[in-house]
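What the coordinates show
Here's the letter readout for the chains.
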Number of protein chains: 2
Amino acid sequence: MSATEERPTALRPTRQRVAITDALRSAADFQSAQDIHDNLRRAGDKVGLATVYRTLQAMAESGEVDVRHNPAGEATYRRCSEAHHHHLVCRSCGRTVEITGSAVERWAHAIADEHGFTDVTHTVELVGLCADCAAAAARE
Amino acid sequence: MSATEERPTALRPTRQRVAITDALRSAADFQSAQDIHDNLRRAGDKVGLATVYRTLQAMAESGEVDVRHNPAGEATYRRCSEAHHHHLVCRSCGRTVEITGSAVERWAHAIADEHGFTDVTHTVELVGLCADCAAAAARE
DNA sequence: GGGTAGATTGAGAGTCGTTCCCGAGTGTCC
DNA sequence: GGACACTCGGGAACGACTCTCAATCTACCC
């Protein structure tokens, strides 16, 4: 790993990449690569599955999209706001709430400092039962 | 899903299940099903891969183990210890520090309450550069 | 506008984790 | 001890994802 190279992230805005970006923009929730691929095909955009995976991976790496694994183990993607945030997910229906919590950020930094770690990123995920699903479960 | 049956969770303590439980107990960290299967084989415990998956799934369902997906998308399992903790991992050398932070626990509960979620569990992972690796990188 | 180098694409085969199937084996209860 | 249901395990099947490589496209220079 050399420190000199200045990765320009010069991703060419090809037809395929634009289409994938658009698909993500118009989707409110997490979508699997296969979903995106299907939707594009259905909309008449002929894009290869490999390209969809490649593009999503590149976008995830550059922080343009969030990646999550659904309970089936499938990777799902969603365009994310630039602002760093976390997720609160319902384990029953999959509903997702975005959370921005400066409290965790502070905590993470404090812990990192305490142990001499620098340049720390963190992943936080809360999984629970949303009010609707809890009510449905109680009704049985 | 019927509400009448009272699944007794009467899992027979077979040799295989005991072996898997022991393997989980002796492992400090998240392990994939394949890891567990390999370890059991190596230790001379002949257990089928299908059995490992089945057992882990049953244990996850009954809340005995935590399930997580590692970046490769592989499901990993860990015995749900009473002492809940998180990890601070060095992205360069892989060194891991265990963290117990009641601050995050409180934060997680507060957030869950705020959004009407119940029965919330959370995963937190901090990834950074440990002091040694940071020094080594600066020396270049 | 034309030419060129290098990035990007896509079809399909390959890999890998996981689940399903079903005959054989084992534990439990009477 | 015997009957019966639960459990096991090997291997095939499945599905998500990655790799390969020739063809195509884009940015850039002249």
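Model, not experiment: these values are computed from the prediction.

Rules and cut-offs
Residues numbered from 1 in each chain as written. Chains lettered and ligands numbered in written order. Predicted model: local features only at pLDDT ≥ 70, side-chain atom pairs only at ≥ 80, totals over all residues. Heavy atoms only, no water. Helix = DSSP H or I, 4+ residues; strand = E, 2+ residues; numbered from the N terminus. Rg over C-alpha atoms; globule rule 2.2 N^0.38 Å. Buried < 20%, exposed > 50% of the residue type's maximum accessible area, 1.4 Å probe, protein only. Polar contact = N/O pair within 3.5 Å; in protein donor to acceptor, adjacent residues only side chain to side chain. Contact = heavy atoms within 4.5 Å. Near = heavy atom within 4 Å. Nonpolar A, V, L, I, M, F, W, Y, C, P; charged D, E, K, R; others polar. Buried area = accessible area lost by both parts, 1.4 Å probe. Pairing = 2+ DSSP bridges. Axes fitted to C-alpha atoms, helices over the stretch in contact; angles between N-to-C directions. Least-squares fit on C-alpha atoms with pLDDT ≥ 70 in both. UniProt positions renumbered as here; feature names shortened; annotations may be inferred.

This part covers the overall build of chain A. Regarding its fold elements, chain A presents five helices and six strands. Listed N to C, the secondary structure of chain A is α-β-α-α-β-β-β-β-α-β-α in terms of helices and strands. Taken over C-alpha atoms, the radius of gyration comes to 18 Å for chain A, far larger than the 14 Å a tight globule of 140 residues would show. C-alpha atoms of chain A, sized along the principal axes, occupy 55 × 45 × 20 Å. Out of the 140 residues belonging to chain A, those deemed buried represent 35%.

Moving on: the side chain of His 37 of chain B. Residues and elements named next belong to chain B. Mapped onto the elements, His 37 comes out in helix H2 (residues 33–42). Residue classification places His 37 among the buried positions, given a relative accessible area of 13%. In this structure the side chain of His 37 is engaged in a polar contact, spanning 3.0 Å, whose partner is the backbone oxygen of Val 47. The residues touching His 37, leaving out its near neighbours within four places in the chain, are Val 47, Gly 48, Leu 49 and Val 52.

Neighbouring DNA strand C are 23 residues; Lys 46, Thr 51 and Arg 54 of chain A together with Tyr 53 and Ala 75 of chain B lie closest to it. In DNA strand C, the atoms that sit within 4 Å of the protein are 73% sugar and phosphate, with bases accounting for the remainder. The separation between a sugar or linking oxygen of DNA strand C and a polar side-chain atom of Gln 16 of chain A is 2.8 Å. Sorting the residues of the surface near DNA strand C by element identifies helix H1 (15–26) and helix H3 (49–61) of chain A together with helix H3 (49–61) of chain B as the ones contributing at least two each. Per element, the largest residue contribution to the surface near DNA strand C is five residues, and it comes from H3 of chain B. Here the surface near DNA strand C is built from residues that sort into eight nonpolar, six polar and nine charged.

Think of interface size as the accessible area that goes away when the parts come together; that is how it is often given. At the junction of the two partners, chain B supplies 38 residues and chain A supplies 38 residues. Summed over both partners, the interface of chain B with chain A buries about 2,900 Å², with 65% contributed by carbon and sulfur atoms. Between the two partners, chain B and chain A, sit five residue pairs in polar contact (both at pLDDT 80 or more). Elements with a minimum of two residues in the side of chain B that touches chain A: strand E4 (86–90), strand E5 (96–99), helix H4 (102–114), strand E6 (118–129) and helix H5 (131–139) of chain B.

Before going further, it helps to spend a moment on the sheet that holds strand E1 (residues 31–32) of chain B. Residue and element names in this part refer to chain B. Reading across from one edge, E1-E3-E2 is the order of the three strands in this open sheet, with antiparallel pairing throughout. With one partner strand each, in any of the chains shown, E1 and strand E2 (65–69) form the two edges of the open sheet. Across five bridges, E2 lies against strand E3 (residues 75–79) in antiparallel orientation. Paired with His 69 across the two strands is Ala 75, which belongs to E3. On the sheet, helix H1 (residues 15–26) packs against E1, E2 and E3 and is oriented at approximately 85° with respect to E3.

Looking now at the relation of the copies chain B and chain A. When chain B is brought onto chain A, the operation consists of a screw motion whose angular component is 176° and whose axial shift is 0.7 Å, with 2.5 Å RMSD remaining. Such a combination of rotation and displacement between the chain copies is what one expects of a two-fold axis. Ranked by how close their C-alpha atoms come to the rotation axis, the residues of chain B are headed by Gly 73 of chain B, at 1.7 Å. The residues that chain B uses at the interface reappear at the interface of chain A in 97% of cases, marking a shared surface.

We now examine the UniProt feature "binding site: Zn(2+)" (unreviewed entry) in chain A. Using the residue numbers shown here, the UniProt feature "binding site: Zn(2+)" (unreviewed entry) corresponds to Cys 90, Cys 93, Cys 130 and Cys 133 of chain A. In sequence the annotated residues extend across 44 residues, while in space they remain close, none of their C-alpha pairs exceeding 8.2 Å. Along the chain, Cys 93 of chain A falls in the loop between strand E4 (86–90) and strand E5 (96–99). Once residues within four sequence positions are removed from consideration, Cys 93 of chain A is found in contact with Cys 130 and Cys 133 of chain A. Mapped onto the elements, Cys 130 of chain A comes out in the loop between strand E6 (118–129) and helix H5 (131–139). Apart from the residues lying within four places of it in its own chain, the contact partners of Cys 130 of chain A are Cys 90, Cys 93 and Arg 95 of chain A together with Gly 116 and Phe 117 of chain B.

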